[in-house]
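Spelled out from the first residue to the last, the chains are:
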Amino acid sequence: MNQTEYNLLLFFKKNPQKEFSTTDILINIFPDEYKNIEEIFKNQFADKQMLNKAKRKKGQLHRKILYYLNNLVEEDILKISKQGNKGEKYFVLSLEGGEELIINKSKRKIIISKPSMPAMPIDGYEQKNIAARFESATWIDRLNSILLETTKFRNLKELYNAINKCFSNINDVIGLNDFESVIQNNELNESLSFLRKINSECVDYGKKLSCIIDITNLKKEKTNKVIEFIKEYCDMHSENITLIFDVRSKELQEHSDFFEEVIDIFINSKIRIYIKNQDLYCAPYILGRIGPYCFDENEWLIYKKEFQKKSYGLACSQSTVVVDVNRFFRESNDLKQFRLFIKNIVKSLLSANSLQRRKSDEYFKNIVKLTFPYVKEFFTLSRNYIRFWNYGWKEPNLNQNYVIELIKSTKEEIDNFCVSEETIYKSCGMPTRFKVAFSCLFSGSKFKLSKGLFYKTEIRKLEDLYSKEIEELLGVKEEIFQAFDGGDRSRFYRTGKINSKDICREFNIILKTYKIPFFCYDFAKIKGADIKLTTFIR
Amino acid sequence: MDAWKSSLKYILESGKDFTDENNRICREVLNLVIEVKNPKNDITRAVEILNSFKKWVYPPLDEIADLILSRKLSPTYSYSYGPRLFNFHNAINQIDNFLIPLLKRNSFSRRGTVLIWNPIQDSNIYKRDVPGLISIDFKIRKQKLNATMVVRSNDLFFGWPANLYQLFVLQDYIGKKLGCKTGSLTTFSNSAHIFKDQFEDIQQVTSD
């Protein structure tokens, strides 16, 4: 694609609703050249020769821009809306409301969309920063997160290529299932080289990667290799790649030597370690920029039994809307209004899915190619996400049960709505899936949100896990995990004097005692000092 | 529109109840035939009425139309009518390469039938989603193209308005290609049913 053509398309992409004259377009596409010409026309001292030259130049620019504009008209990307004074042409995008145009030329892809009218029923909330679409520019034409089955790829090169291709189809994270097989079945230098290369790609493309290590599949004779790999991973201090250890408490005990060594590496690097409790939740967890993603456990079990062996992967999440609960209730105290607001979000997600469905073979070309002939199955477990921010967990002066009940009862209504929609679509001859999951939103996201009010859970020693305060705190967290069917994460700030043996025991207690499927230990605040247990507000 | 309301009323009053495989109470009339003589008059009216209920969102008309006209099978659908019509079993374009040439050659033909149901794919007792629409028949009589669809299982409240609209856009597509005026639309529903969960909404529609 020629640079001028590219600039023209970007110009119309920014203004999909507007009509522009040739001169308007010229000014925007060749601003410097146009400015120089205009300066000559305004120059009182410009002689006839200079003026003629400027006129010629202006004519040339007009012809040049018209050449590209006419080409785009011929390609049905633009259309001439009218002819103005002196025959000047006006151009608009050749698109109807709600339609999208995908232009794919010489490795450059531009997607131009014209919002449909009436707009989504969350626009008003977006203007007030109460709701926001995650990655609004690619809200429809990309998935949020996918899971790849690493065991289906014959070698690291194949896996690397697949990840690379999928990057253009997702806007948050790719999960790599059974990543332990990648480490165990390849030479260490090869898997390390893969890790470095893929990390650099993640940085360039701004994507995250979750490598899920299932401890069940850990082979005793390969543990050294895994340890070496983890060392290298921790040395990288990658912000884009997360290792998630998928464990059962029994395995934690069986592999205690391995775990202690791993924990030591994480402590020394002051890196967070992520643990998923397989006893509690068998479906994988993926960690994105904006929060965790997971699959419905019952659906995952069916997938595992019937399809996993054939599958290259699964779509996990399609579109996401984030909600600032605190800001909503500052505007309105009406619970009924809150439920209606969430329903409006779900309706918007339904519209987004409808647009996505009709173009999915174009949008997700790489994924379609990768998963063929099991393309349909790739989407069978996917859900949309609503992520809650500042929803009052442990906010002082707020009844926790009340917040959780509100989320739970709203979720029930939304689930019923989704079932109705699936029934309606099926009756119309469109058997399709529409599911919405609730989850939390991580801090540090780019949305303009209210200041977060949350407790931090700090653990100083093993006994803290039995303290009344922590027990209460984790009790609420357990409830939240139940309400957030799209996943949640508990973050423990470990301070005080520590050693890997103690941490291993603490993990075991959490795995056995609490119904918390996914948690992380954050070692960033270790100072070596014996700090008292505190819970403090960020 | 009147046809829809009368049919709903008829099922409400004369249908027989049973519990289906999804544990939903269903009221059914077998082999119900509905003929819409002038579909152009109010083809979207039933969809508009369904849209006026705020508790659900009915599929947009362009997506309903897409389903029957689009040759591409979206990866997110279990099946779609368009690919079955325009590329049946990856073997035949039943509309452009059979039906239209057939009716062009012999406008009185009685062979203008296209199939949606594909026994190779659908006659499988373990398959979850199979098409409700079985076949569509086209007849040119009195210079008008009339269309009839056979639906094995037809939710008259939610499904029928979309099915009729799909039949309408397909009839329009073929009519234009044949240079022929469009006539009536008929649906033959082997099982025309409504669900108990919607009885109140249906009563609201029929009483308006």
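Rules of the game
Residues numbered from 1 in each chain as written. Chains lettered and ligands numbered in written order. Predicted model: local features only at pLDDT ≥ 70, side-chain atom pairs only at ≥ 80, totals over all residues. Heavy atoms only, no water. Helix = DSSP H or I, 4+ residues; strand = E, 2+ residues; numbered from the N terminus. Rg over C-alpha atoms; globule rule 2.2 N^0.38 Å. Buried < 20%, exposed > 50% of the residue type's maximum accessible area, 1.4 Å probe, protein only. Contact = heavy atoms within 4.5 Å. Areas by Shrake-Rupley, 256 points an atom, 1.4 Å probe, with all protein chains shown as cover. Lys, Arg positive; Asp, Glu negative; His and termini not counted. Charge placed at Lys NZ, Arg CZ, Asp CG, Glu CD. pLDDT = per-residue confidence, 0-100. Polar contact = N/O pair within 3.5 Å; in protein donor to acceptor, adjacent residues only side chain to side chain. 1 Å grid on protein atoms, 1.4 Å probe; cavity = no way out; pocket = protein on both sides within 12 Å on 5 of 7 lines; lining within 4 Å. Points joined across faces, edges and corners; volume = space filled by probe spheres on them. Nonpolar A, V, L, I, M, F, W, Y, C, P; charged D, E, K, R; others polar. Phe/Tyr/Trp six-rings, centres within 6.5 Å; stacked < 30°, edge-to-face > 60°. Lys NZ or Arg CZ within 6 Å of the ring centre and 35° of its normal. Buried area = accessible area lost by both parts, 1.4 Å probe. Salt bridge = Lys/Arg side-chain N within 4 Å of Asp/Glu carboxyl O.

A closer look at the overall build of chain B
Line of reasoning, step 1. On a plain count of helices and strands, chain B comes out with eight helices and six strands.
Line of reasoning, step 2. Counting from the amino terminus, helix and strand elements in chain B follow one another as α-β-β-α-α-α-α-β-α-β-β-α-β-α.
Line of reasoning, step 3. Relative to the 2.2 N^0.38 estimate, which gives 17 Å for 208 residues, the radius of gyration of chain B is 17 Å and therefore close to what a compact globule would have.
Line of reasoning, step 4. Once the C-alpha set of chain B is aligned to its principal axes, its extents read approximately 50 × 40 × 30 Å.
Line of reasoning, step 5. The buried share of chain B, reckoned over its 208 residues, is 55%.
Line of reasoning, step 6. A separation threshold of at least 6 residues defines the contact pool for chain B, and within that pool the share at least 24 residues apart is 65%.
Line of reasoning, step 7. Carbon and sulfur atoms make up 49% of the accessible area of chain B, which amounts to about 10200 Å² in all.
Line of reasoning, step 8. Each charge class in chain B was averaged separately, 28 positive and 22 negative side chains, and the resulting centres sit 10 Å apart.

Focus: the confidence of the model for chain B
Residue and element names in this part refer to chain B.
Line of reasoning, step 1. Mean pLDDT over chain B works out to 94, with 100% of the residues at or above the 70 mark.
Line of reasoning, step 2. Mean pLDDT values for the elements of chain B range from 91 in helix H3 (residues 61-69) up to 98 in strand E3 (residues 113-115).
Line of reasoning, step 3. Complex prediction metrics read pTM 0.79 and ipTM 0.90.

Quick notes on the side chain of Arg383(A)
Residues and elements named next belong to chain A.
Line of reasoning, step 1. Its location among the elements puts Arg 383 in strand E15 (residues 383-389).
Line of reasoning, step 2. Polar contacts involving the side chain of Arg 383 include one to the main-chain carbonyl oxygen of Asp 485, which spans 3.2 Å.
Line of reasoning, step 3. Setting aside residues no more than four positions away along its own chain, Arg 383 makes contact with Cys 294, Phe 295, Asp 296, Cys 316, Ser 317, Gln 318, Arg 433, Lys 435, Ala 437, Asp 485 and Gly 486.

A word on the side chain of Asn277(A)
Line of reasoning, step 1. Following the sequence through the fold, Asn277(A) ends up in strand E11 (residues 273-277).
Line of reasoning, step 2. Ignoring anything within four residues of it in the chain, the contact list for Asn277(A) reads Val247(A), Leu511(A), Ile516(A) and Pro517(A).

As for empty space enclosed by the protein
Residues and elements named next belong to chain B.
Line of reasoning, step 1. Enumeration over the complete set of coordinates arrives at one cavity of 30 Å³ or more.
Line of reasoning, step 2. Reported here for the largest cavity is a volume of approximately 80 Å³.
Line of reasoning, step 3. Met 1, Trp 4, Val 36, Pro 39, Asp 42, Ile 43, Arg 45, Ala 46, Val 47, Trp 160, Pro 161 and Leu 164 are the residues that line the largest cavity.
Line of reasoning, step 4. Where the lining of the largest cavity is concerned, the elements lending two or more residues are helix H2 (45-52) and helix H7 (159-178).
Line of reasoning, step 5. Here the residues of the lining of the largest cavity sort into 10 nonpolar, no polar and two charged.

Side note on the packing of aromatic side chains
All names here are of chain A.
Line of reasoning, step 1. Counted according to the given criterion, the structure contains 49 aromatic pairs over all chains.
Line of reasoning, step 2. Considering the side-chain rings of Phe 179 and Phe 229, the 5.7 Å spacing of their centres and the 55 degrees angle between planes classify their relative orientation as tilted. With a gap of 50 residues between them, Phe 179 in helix H7 (residues 179-185) and Phe 229 in helix H9 (residues 223-236) connect regions that are remote in the sequence. The pair Phe 179 / Phe 229 is uniform in exposure class, with both members buried.
Line of reasoning, step 3. Geometry around Tyr 312 places Lys 152 over its ring, the cationic atom sitting 5.1 Å from the centre.
Line of reasoning, step 4. Between the NZ or CZ atom of Arg 489 and the centre of the ring of Phe 442, over which it lies, the distance is 4.2 Å.

Observations regarding the interface of chain B and chain A
How large an interface is tends to be reported as the accessible area lost when its parts come together.
Line of reasoning, step 1. Each side of the interface is counted separately: chain B has 29 residues, and chain A has 25 residues.
Line of reasoning, step 2. Interface area lost by chain B to chain A is led by Val57(B), Pro75(B) and Thr76(B), which between them contribute 27%.
Line of reasoning, step 3. On inspection of chain B and its partner chain A, the count reaches two salt bridges.
Line of reasoning, step 4. For Asp129(B), the salt bridge identified is with Lys426(A), shortest N-O distance 3.2 Å.
Line of reasoning, step 5. Summed over the shared surface of chain B and chain A, the number is seven residue pairs in polar contact (both at pLDDT 80 or more).
Line of reasoning, step 6. Considering every element that reaches the side of chain B that touches chain A, the biggest residue donor is H3(B), with five residues.
Line of reasoning, step 7. Class assignment for the residues of the side of chain B that touches chain A results in 13 nonpolar, six polar and 10 charged.

Describing the pattern of salt bridges
It is possible for side chains of opposite charge to pair when their charged atoms get near one another.
Residue and element names in this part refer to chain A.
Line of reasoning, step 1. Under the counting rule described, the total for this entry stands at 39 salt bridges over all chains.
Line of reasoning, step 2. Two residues, Glu 135 and Arg 289, come together in a salt bridge whose shortest N-O distance is 3.0 Å. One end of the pair, Glu 135, is in the loop between strand E6 (131-133) and strand E7 (143-149); the other, Arg 289, is in the loop between strand E12 (285-287) and strand E13 (292-294), with 154 residues separating them in the sequence.
Line of reasoning, step 3. Among the residues examined, Arg 289 registers a relative accessible area of 29% and is labelled partly exposed.
Line of reasoning, step 4. Members of the salt-bridge network, linked through shared partners, are Arg 383, Lys 411, Asp 415 and Asp 485.

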